[in-house]
Amino acid sequence: MTEKRKGIRGGITVALAVLRVWFLALYRGGIYPFGDKSILCIDLYGQYTHFLGFLKNSSPSEFLYSFTKGFGGNTLGLFAYYCISVFNLLMFFFDSMEATAFAIITAKLVFRGLCMYAYMRKTSKSMAVSIGAAVAYGVYPYFIFYYCNIIWFDCFALLPILVLGTEYVADGKTPWLFMAVYTYCLYSNYYIAAMFSVFILIYFFWYSLFLKGYDWKLTIKRTVTMAYAAIVPILLACPVIIPSIKALSGGKVSDFVFFTDRKKPMTNYIWAFACAISGNFNFDQSPVLFAGALEFCFAVMFFISNKYSKREKTAYLCILAVILLMMYVPQIYYVWHGFAWPEGFGFRESCIFYFLFLSTAAKGAEEFSLKTLLPAAVIALLSWYFAGKLFGMQVNKLFIILMAVLILGAFGAKIKNGAFKWVLSLLWVTEAVCISSPYLIGDNMPSQKQKFRTDNKVNALKSVIENIDDKSFYRLEDTDPYSYSQAMSIGYYGTSHFSSLFDNRQKEMYEYFGYEDTFYSTIYSRSIPYIDSFWGIKYIFNSGSQVPDNLYEKIYDGENGENILYRNPYRLPIIFTGDTRSIEYSENWRQYIDNMYVALTGVETLDEKGNRDYEKLEVVSRAINQNAVKMIKQQGNTIKFSAKGKYALATIMYDDCWHIKVNGKKVAPQKFMTWFTAVPLEEGENIVEMTYIPRGFVPGLCLMAVGAFLLIPGVLLKDKVFNKEGRLC
C-alpha cells in the first residue's frame, strides 16, 4: 500500500474515531440528536445561532449596519468577530437551529482531529501514534466542554498546521503554508489569532535556537522571511481586524492593563496539576492543562527515554515551563488577551499548552518500551495517589486498567513493538471517550433547554410577524424572549441585544430609562407605554402577563393564551420632524420625554404629581405622526426619506459614522434627546440620505491593498523573491 493511501486511511480512521467519541458523549448526555436536551446552550443559545441566522437571511447591506441589532448598530464588527468560518456555510443546508449547530460543531471537531493528524504525519514515524494523538486533540475535554463557543474552533483546529508552517519557515522552506493558515485564522477569529501570534513568536525562536540549534546569523535571516510571512496576512485581514477592534472598544468591559499590580486569584498550582493528571476537569477559570492520564505517562516516558538528546528534552521542558508560567503569572497572563482580563471562559490559551504537551507525549509514545514505561507508570500511579490524598480527586479506575494493559503488553514477548502501538492508540481513544463524555451530562452542561422549545418559539414568532401587513418603519419587541439577540435571526427591528460587541451608549440609555443592565446585554424586559411610544415600538409580542392590555390593542391571539400580539396606539414614528432647541434635559426620564412633547406639540402629558395622562399622550402621538417623514428607502446601512421642517429627529442612536446628505450636501449629525440623532434641514422639501460606514472599514481596505501589493511579487516571482532555502533574496 502506498504512503498516500495509508495516509488517507489514517485520516478516515481519525474522523470516525472523533465522531464516535462525540456521538457517544451526546448519547450519554441525552442531547440532540440522541435525546431531549438541547445542544444549544450558553453563548451558542444566546448569540451564535442568531448571528448565523442573521447571516443567512440578511441582505449584503446589513453586513455593515442593521436595525435588528439592538436599536440599530454596526454589524461588520459582529460579522467579523462571530461569523467568518467556512463551516458556517452548512447553515444553508438546514432550517432548524439545532440541526445547524450540531452539523457545524461536528464538522469542526473532525476538522480539528484531522489537522492534528496532518501535523503528526509530518513529525511522527508511527501511524498508530499519529492517530491516537489526533483523536486526543480532536476531543480534548476543554473543546468538548466549551463547544458552545464555536467561534474559536477554527483557530484551535488550525494551531498544529500553523506550527507546522512556522517550522517550515524556521527550516528555510517557503512561507506559503504559514501565510495561508495565518490569514484564515485572522479572518476566522482575530482574537484567538492574536493569542497565537504571541505563541508563534516564542515558538519560532525556540524551534530555531534551542530545538534545532541553528546559529544566530541564519536565524536572523530567516526571521526576515517570518516577518514578511506575518505582516502580509495581518495587512490582508485589516478590513476585518480594524472594524472589529473599533466595535469591541465601544463595548469593552475590561480595562486596558500593562503589567500592573492588578491580580486575579490563581488556582493552587499543585491542585491544578492534580486535576490534570487525574483526568478531573475544573470549571473555575483555571488552566485546563491536558486531557488525561495517558498523556502524562507518555510525556514522562519522553523525558526518561535515552533515544532523545538532552538538548531536545531541555528544549521541550523549557517551552512547556514558559507557556505554563504565562498562564499562571497574572502580570504576564494579560499578554495573551491584549492586556485586558477576559470575561468568562478563562484560560482560552490552554489549548496551546495542551498541543505542546500532546506533542511531547506523542514522542514518548513513539519510543514505547518496557524500560521507559515502568518508571513512567510508577510516577503516574504515585501522582494519582497523592492527587487523591491531598485534594480528594477521584481517579477514574479505567486509568489504572489502561496502565495495567500497557504494562502487560510491554511484558508480552509475542507482541511486537509496532503492533502494540495500535493497542496503545486504541487505549488512547478509549480514554478520550471516558474523559470527554461526562462534561455533557447532567449539571456539567449549564442552561440546557428542552429540545424543541427554541425552534417552536422561533417558528411561532416568525408566523406572527409574517402576518403583520405593515410596510412602515417600526420596531417590535418581545417581553418574553428566548434570547436577547433573537431579532437578528428572526428578522425584526427590536431594541434588545446580547454580544461582546454591545454598544455602551445603548446600555447607558437603557439604564437611564430604568431597564435592566446586565452583562453584555441591553434587555427590553417589560412594556412601558410611555417608553414604547418614544422608542417607536409599534407591536409587542407576549403571553399577556407583562403588557398593559387595557391600553394596547390585541390584534392576534394564539392558542391557549400564548403568542399574543399587541398594537401600540401611542407609537411615534422612528423619524419625524420638529425643533429640538427648546428641549430641556431632566434626570427623570418621564419628565425628559414630557419636555420633548411640550417642545414639539405644546401638550403636557404629566400632571403635577408626575402621573401619565394617556389621553393627552394619544393627542401628542397623533400630532407627531402628522410630522412623520416620507420614507423612500430603508435597507441595511442606508436610509432615504423626504421631509419638511427644522430638523429630522430620529430615535436612531447618534453615531458620527452616519454620513448624511441633505439635498446632496453633506451635513453633520447632531444629538437629539442625548442619545439619538437629529439632522438639520433646509427650507422647503428635503431629500435626506443617511449611509453608515463602520469605523476603520475604509482604512482597513487601504491596508489590505498594501498587503496585496506586497503579496503579488512573492506569488508571481517566488523563485526570485525566495532563494533555495526559502529566505527573502
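Cut-off values and rules
Numbering of residues begins from 1 in every chain and follows the order in which that chain's sequence is written. Note on the predicted model: pLDDT of at least 70 is required for a residue's local features to be given, and 80 or more for side-chain atom pairs to be given and counted; whole-chain, interface and lining totals, by contrast, use all residues. Side-chain calculation: all heavy atoms of the structure are included, whereas hydrogens and water are not. A run of H or I in DSSP becomes a helix once it reaches four residues, and a run of E becomes a strand once it reaches two; helices and strands are each numbered from the N terminus. Note on classification: 1.4 Å probe, protein chains only; a residue is buried when its accessible area is under 20% of the maximum for its type, exposed when over 50%, partly exposed between these limits. Note on contacts: a residue pair is in contact if any heavy atoms of the two residues lie within 4.5 Å. Points on a 1 Å grid over protein atoms alone make up a cavity when a 1.4 Å probe fits among them but cannot get out, and a pocket when they form an open set with protein on both sides within 12 Å along at least five of seven lines; lining residues each have an atom within 4 Å of a point. Grid points are joined across faces, edges and corners, and a volume is the space filled by probe spheres set on the points. Each residue gets one of three labels, nonpolar for Ala, Val, Leu, Ile, Met, Phe, Trp, Tyr, Cys and Pro, charged for Asp, Glu, Lys and Arg, and polar for the others, Gly among them. Between the N-to-C directions of two axes lies an angle of 0 to 180 degrees, each axis being a line fitted to C-alpha atoms and, for a helix, fitted only over the stretch in contact. Should an angle fall under 35 degrees it is taken as roughly parallel, and over 145 as roughly antiparallel, whereas 65 to 115 is taken as roughly perpendicular and any remaining angle as oblique. In this scheme, a crossing is called left-handed if the near helix is turned counterclockwise away from the far one by less than a right angle; it is called right-handed if the turn is clockwise. Here, any two strands with at least 2 DSSP bridges between them count as paired. Residues grouped as a nonpolar core are buried Ala, Val, Leu, Ile, Met, Phe, Trp, Tyr and Cys residues, joined through side-chain atoms within 4.5 Å. Classification of ring pairs uses Phe, Tyr and Trp, with its six-membered ring standing for Trp, and accepts pairs whose centres are within 6.5 Å; under 30 degrees between planes counts as stacked, over 60 as edge-to-face, and the remaining range as tilted. Each ring is checked for a lysine NZ or an arginine CZ that lies within 6 Å of its centre and within 35 degrees of its normal; such an atom marks a charge sitting over the ring. Every residue is assigned a pLDDT by the predictor, reflecting its confidence on a scale from 0 to 100. Patch membership is restricted to residues that have no salt bridge and whose relative accessible area is over 30%. Joining uses 9 Å for like charges and 5 Å for the nonpolar side chains Val, Leu, Ile, Met, Phe, Trp and Tyr. Only the protein chains shown count as cover for residues, with accessible areas throughout obtained via the Shrake-Rupley method and a probe of 1.4 Å. Every case where a carboxyl oxygen of Asp or Glu lies within 4 Å of a side-chain nitrogen of Lys or Arg is listed as a salt bridge.

A.B. asks: Lay out the overall build of the chain in plain terms, naming residues and giving numbers.
C.D. replies: In terms of regular secondary structure, the chain is built from 27 helices and 18 strands. With 729 residues in all, the chain has 58% of them scored as buried. In the chain, 72% of the contacts between residues at least 6 apart in sequence involve partners at least 24 apart.

A.B. asks: Would you mind going over the layout of surface pockets in detail, with residue names and values included?
C.D. replies: It is the rolling of a water-molecule-sized probe over the atoms that shows where space remains empty. Taken as a whole, the second largest pocket encloses approximately 530 Å³ of empty space. Lining of the second largest pocket is provided by 17 residues; of these, I465, D470, S472, Y474 and G491 occupy positions nearest its centre. Looking at the lining of the second largest pocket, the elements with two or more residues in it are α20 (453–466), β3 (475–478) and β11 (630–635). Among the elements that make up the lining of the second largest pocket, the one with the highest residue count is α20 (3 residues). Here the residues of the lining of the second largest pocket sort into 9 nonpolar, 3 polar and 5 charged.

A.B. asks: Kindly report on empty space enclosed by the protein, identifying the contributing residues and their values.
C.D. replies: Using the criterion set out here, one finds 6 cavities of 30 Å³ or more in the structure. Looking at the second largest cavity, its volume works out to about 60 Å³. In this structure, the second largest cavity is lined by E477, D478, P481, S483, Y484, Q486, A487, Y492, G494, T495 and S496. Counting residues per element, the ones that place at least two in the lining of the second largest cavity are β3 and α21 (486–490). Across the lining of the second largest cavity, the residue classes break down as 4 nonpolar, 5 polar and 2 charged.

A.B. asks: Could you give an account of the packing of helix α4 (residues 97–123) against helix α7 (residues 153–170), naming the residues involved and the relevant values?
C.D. replies: Contact geometry for α4 and α7: axes closest at 7 Å, N-to-C directions at 15°. Between α4 and α7, the crossing angle belongs to the class labelled roughly parallel. Note on packing geometry: the crossing formed by α4 with α7 is left-handed. Every residue of α7 that contacts α4 at K108, L109, F111, R112, C115, M116, A118, Y119, K122 and T123 is listed here: F153, D154, F156, A157, L158, P160, I161, V163, L164, E167 and Y168. Grouping the amino acids of the contact of α4 with α7 by side-chain chemistry returns 15 nonpolar, 1 polar and 5 charged.

A.B. asks: Can you lay out the sheet that holds strand β12 (residues 638–643) for me, pointing to particular residues and giving the numbers?
C.D. replies: What holds strands together in a sheet is hydrogen bonding between their backbones, with the strands either parallel or antiparallel. Reading across the sheet, the 5 strands line up as β11-β12-β18-β14-β15 and stay open at both edges, with antiparallel pairing between neighbours. Either end of the sheet is taken by a strand with one partner, and the two such strands are β11 and β15 (665–667). Looking at each pair of strands side by side, their axes are set apart by 20° on average, direction ignored. Pairing between β11 and β12: 5 bridges, direction antiparallel. Counted as the bridge partner of M631 is F641 from β12.

A.B. asks: Would you mind going over the packing of α7 against helix α8 (residues 176–188) in detail, with residue names and values included?
C.D. replies: Running from N to C, α7 and α8 point in directions that differ by 150°, and their axes come no closer than 8 Å. For the element pair α7 / α8, the angle class is roughly antiparallel. With respect to the hand of their crossing, α7 and α8 are arranged in left-handed fashion. In this structure, α7 contributes D154, C155, L158, I161, L162, L164, G165, T166, Y168 and V169 to the contact, and α8 contributes L177, F178, V181, Y182, Y184, C185 and S188.

A.B. asks: Before we move on, can you summarise the side chain of K538 with the specific residues and values?
C.D. replies: Structurally, the position occupied by K538 is in strand β7 (residues 537–542). The exposure class assigned to K538 is buried, which follows from its relative accessible area of 14%. Setting aside residues no more than four positions away along its own chain, K538 makes contact with D470, S472, Y474, R475, Y566, R567, N568 and R571.

A.B. asks: Tell me about the nonpolar core, and please be specific about residues and values.
C.D. replies: Nonpolar side chains in soluble globular proteins tend to be buried together. One finds F199 and W336 to be the most contacted residues of the largest nonpolar core, which totals 140 residues. The leading source of residues in this core is helix α9 (residues 190–211), at 14 residues. Contact partners of F199, with chain neighbours within four places excluded, come to L159, V163, I319, I323, W336, I352 and L356. In this structure, Y515, L606, V620 and L649 belong to the second largest nonpolar core, which totals 38 residues.

A.B. asks: Could you give me a rundown of the packing of aromatic side chains, with the residues and numbers involved?
C.D. replies: On inspection of all chains with the given rule, the structure shows 51 aromatic pairs. Look at F51 and Y82: their rings are 4.8 Å apart centre to centre, the planes differ by 55°, and that puts the pair in the tilted class. In this pair, F51 is assigned in helix α2 (residues 42–57) and Y82 in helix α3 (residues 76–82), connecting sequence segments 31 residues apart. Across this residue pair, the class does not change: F51 and Y82 are buried. A cation over an aromatic ring shows up here: R112 above the ring of F153, its NZ or CZ 4.8 Å from the ring centre.

A.B. asks: Explain the confidence of the model for the chain to me, using residue names and the numbers behind them.
C.D. replies: For the chain, per-residue confidence averages 78 on the pLDDT scale, and 76% of positions sit at 70 or higher. Overall, residues 440–452 carries pLDDT values under 50, and its contacts beyond four positions in sequence, including any with other chains, amount to 39 contacts.

A.B. asks: Talk me through a nonpolar patch on the surface; I want residue IDs and the actual numbers.
C.D. replies: Together, V86, L89, F92, F93 and F94 make up a nonpolar patch on the protein surface, roughly 530 Å² of accessible area in all. Along the chain, the position of F92 falls in the loop between α3 and α4.

A.B. asks: So what's going on with the sheet that holds β3? Which residues, and what values?
C.D. replies: The strand order across the open sheet formed by 4 strands is β3-β7-β9-β8, and the pairing between neighbours is mixed. Two strands in the sheet have a free side with no partner beyond their single neighbour: β3 and β8 (553–556). If you compare each strand with its neighbour and ignore which way they point, the axes differ by 30° on average. Pairing of β3 with β7, which is carried by 4 bridges, proceeds in the parallel orientation. What sits directly across from E477, in β7, is I540.

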